[in-house]
Amino acid sequence: MASLLAITLATAVALMVVVWVGSVVLRDVSIVDRFWGLGFVLLAWVAYVLTDTDTTRRLLVVGLVSLWGVRLSVHITWRNWGKGEDYRYRDMRDKRGATFPLSSLFTVFLLQALILWVVAAPVVQVQRASQPAGLTWLDVLGVAVFGIGFLFETVGDWQLARFKSDPSNRGKVLDSGLWRYTRHPNYFGDAMVWWGFFLFALATSGWWTIYGPIIMTALLMKVSGVALLERSLKETKPGYREYVERTNAFFPWPPQKA
C-alpha cells in the first residue's frame, strides 16, 4: 500500500508540474482547473494498472471516476475557452509580480497535487483491495450516491450554461430547476460523488479513507467553492441577497417563503 501511495503521489506531482510549465508558457494559471478532474482519472488508472486484484468493484470505480473526471474537465474547458486567466489568479499575479510564475508552482500547482492525492484515497483503496470479491450493499449504495451527485453536478452545470447563454438573463439570478432548491447544485453534486466513492472504499474496510470526502466537502463549502463564489455574487448580482434568504447554500431543500 505504501508504495502505491508513493507512486500515485509522484504521479499527481508530475502531472501538475507539466501543467505548471504550460501555464508559464501561456501565462494562464487557470488552465490548472481544466486538469483537476483528469488528475483523478489519471490516479485511478495508475492504481488500476499497478494492482492485480480481481474484483468487479475495481473496474466499476475506475469507470465512474473516468466518467466524472472527463465530463468535469470538458465542461470547464468549454466554459472558460477564450476567456483568459481567471480573476482569482490575475489578482495573485498582480500582487506577486515577477515572482508569481515560480511561486504559483508551490501555492497553486503542487498544493492542488497534494489535495488531489489526498482526496483520491478512496479510489486508490478500492484498486488495492482484494476483498470482498463480489459487490455488496455498500457498493450498491455507492452507485446510488454517485448517481445522485453526478446528476446534480451535470444537470446543474447544464442549466446554468443555458441560462447564461440567453442575453436577456444578464445580471439576473438563476432560481429555477435544481437552482431553486440549492444555490450550488453542482458543488453539492461534486461532494456527493466523492461520498459515493468512499462507500466503495468502505465496502473493502477502507473506513480510514473518510478524510478524502470530508476534505472535498470542506473545500467546496468553505474554501474554493461556495464561500469564494458568493463573496462576489452578493456584490455583483442584484437580487442575489434575496435569493440567499430563501434558498439553501449547499444541501437541497424547498425554498423558504419570503
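As shown above, the structure is provided for reference.
As the structure is a computational prediction, the values presented were derived from the model and not from experiment.

Observations concerning the overall build of the chain
- In terms of regular secondary structure, the chain is built from eleven helices and zero strands.
- Ordered by position from N to C terminus, the α and β elements of the chain give α-α-α-α-α-α-α-α-α-α-α.
- In terms of overall size, the chain behaves like a compact globule, its C-alpha atoms giving a radius of gyration of 19 Å where 258 residues would be expected to give roughly 18 Å.
- Expressed along its principal axes, the backbone C-alpha trace of the chain runs to roughly 55 × 50 × 25 Å.
- Taking as baseline every contact in the chain between residues at least 6 positions apart, the subset at least 24 positions apart corresponds to 80%.
- As displayed, the chain has an accessible area near 13100 Å², and 67% of this comes from carbon and sulfur atoms.

Here we look at the environment of V193
- Structurally, V193 is set in helix 8 (residues 185–203).
- With near-sequence residues (within four places) excluded, V193 lies in contact with W68, F146, G149, F150 and E153.

Concerning the side chain of S104
- By the element assignment, S104 lies in helix 5 (residues 100–119).
- Among all residues touching S104, those that are not within four sequence positions of it are W20, V29 and F109.

Cut-offs and rules
Residues numbered from 1 in each chain as written. Predicted model: local features only at pLDDT ≥ 70, side-chain atom pairs only at ≥ 80, totals over all residues. Heavy atoms only, no water. Helix = DSSP H or I, 4+ residues; strand = E, 2+ residues; numbered from the N terminus. Rg over C-alpha atoms; globule rule 2.2 N^0.38 Å. Contact = heavy atoms within 4.5 Å. Areas by Shrake-Rupley, 256 points an atom, 1.4 Å probe, with all protein chains shown as cover.

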